[in-house]
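Per-entry structural report
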Amino acid sequence: MSRILFWLLILLGLGACQAGRQDQEYLPHYTKAPPGGEREYVFGVHPLHNPERLYEMFGPIMDYLAERIPGSHFRLEASRNYAAFEEKLYGREFDFALPNPYQTVLALSHGYRVFGKMADDENFRGIILLRKDSPVKAVADLKGKAVSFPAPTALAATLLPQFFLHTHGLDVSRDIELRYVGSQESSIMNVYLGNVAAGATWPPPWRAYIREHPEVGAAVRVMWETESLPNNSLMARDDIPQDLVATVKGLLVEMHGTEQGRLNLERMALSRFESADGDTYVPVREFLDRFERAVRPLGRP
């Protein structure tokens, strides 16, 4: 079986599984159940990657926190897709959360507070991929063609690229076929397999994917990059004790200073976490307002 046929079958299989789960939430609980007497805190992370990769990245961080906060247990909770994560976030189901900046702005009105963020804001930008053998040379060449995006509310990988296409002359709602394919990896693979003329993602998953799948990197290239915005936030629900939030913040912000912490961050292709608050995301709110005026409504609750 050729490699391309293999990946095509994988994508078809994933699509079938997704269709079969539309009414059944996928809630992988990766960390161990807490021993007796420990308080469990649910830490929700938005779908940066598929659930398995998310666990590889964030599972060790949950253990890192629990080992250093006596009497606590942190359970990582992944979600099937962006919509499922947002329903739980706005429903206040997470004690701690790592949402994207779009979700951060909305969560501020649902009783969550920003206490930190991922650093490396220069990486929080959209990239638009083409096959290296693509005839597309300019944004206008995408008119009438399909373009893949992970999800309607993925800020770096969807909203920033769609705004970029708009500012370069495309009516995103009419001139291209929008395909929301569920994950960063799927958006990349749709370009590789030729299912779409172009696909959007953001730098960290792109770099991780081509490192593990060099054949994709040999066939696909970054054609355009967008502006950047503040990176994903760290939030706590407003009924979580402030001393605990301060402890979690201190451990995460100082994590790059320990050997184990640096290993955890390396898995995420992140240099460090850093302090932040709600004002950090004012540029995001301003961008969302510009996006809705110019491109399409977001249906913000």
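Residues numbered from 1 in each chain as written. Predicted model: local features only at pLDDT ≥ 70, side-chain atom pairs only at ≥ 80, totals over all residues. Heavy atoms only, no water.

Time to look at the packing of aromatic side chains. Taken as a whole, this structure holds eleven aromatic pairs when the rule is applied. A centroid spacing of 5.9 Å and a plane angle of 50 degrees characterise the contact between phenylalanine 74 and phenylalanine 96, whose relative ring orientation is tilted. Of this pair, phenylalanine 74 sits in strand E2 (residues 72-77) while phenylalanine 96 sits in strand E3 (residues 96-98), and the two are 22 residues apart along the sequence. Owing to a relative accessible area of 0%, phenylalanine 96 belongs among the buried residues under this scheme. Both rings, one in phenylalanine 164 and one in tryptophan 224, keep their centres 6.2 Å apart while their planes meet at 40 degrees; by these two values the pair is tilted. You can see phenylalanine 164 sitting in helix H5 (residues 155-167) and its partner tryptophan 224 sitting in strand E9 (residues 220-228), a full 60 residues away along the chain. (Phe/Tyr/Trp six-rings, centres within 6.5 Å; stacked < 30°, edge-to-face > 60°. Helix = DSSP H or I, 4+ residues; strand = E, 2+ residues; numbered from the N terminus. Buried < 20%, exposed > 50% of the residue type's maximum accessible area, 1.4 Å probe, protein only.)

Pairing between sheet strands relies on hydrogen bonds along the backbone, with the strands arranged either parallel or antiparallel. The mixed open sheet is built from five strands, whose spatial order is E7-E6-E8-E5-E9. The open sheet terminates on both sides in strands that have one partner only, identified here as strand E7 (177-180) and E9. Strand-to-strand twist in this sheet, taken as the mean axis angle between neighbours without regard to direction, amounts to 25 degrees. Direction of pairing for strand E6 (residues 146-149) relative to strand E8 (residues 198-201): parallel, over a ladder of two bridges. Note that in E8 the partner of serine 148 across the bridge is glycine 199. Lying on the sheet, helix H6 (residues 184-192) is in contact with strand E5 (125-131), E6, E8 and E9; it crosses E8 at an angle near 160 degrees. (Pairing = 2+ DSSP bridges. Axes fitted to C-alpha atoms, helices over the stretch in contact; angles between N-to-C directions. Contact = heavy atoms within 4.5 Å.)

Its place among the elements puts alanine 156 in helix H5. In this structure, the C-alpha to C-alpha distance between alanine 156 and tryptophan 202, residues 46 residues apart in sequence, is 6.0 Å. What alanine 156 contacts, discounting residues up to four positions off in sequence, is Phe124, Arg125, Gly126, Pro161, Thr201 and Trp202.

Okay, the nonpolar core next. Phe58, Phe96, Leu142, Leu165 and Phe273 are the most contacted members of the largest nonpolar core, which totals 81 residues. With eight residues, H5 is the single largest residue contributor to this core. Phenylalanine 58 has contacts with Val45, Leu48, Leu76, Leu98 and Met268, leaving out every residue within four places of it along the chain. (Core = buried A, V, L, I, M, F, W, Y, C linked by side-chain atoms within 4.5 Å.)

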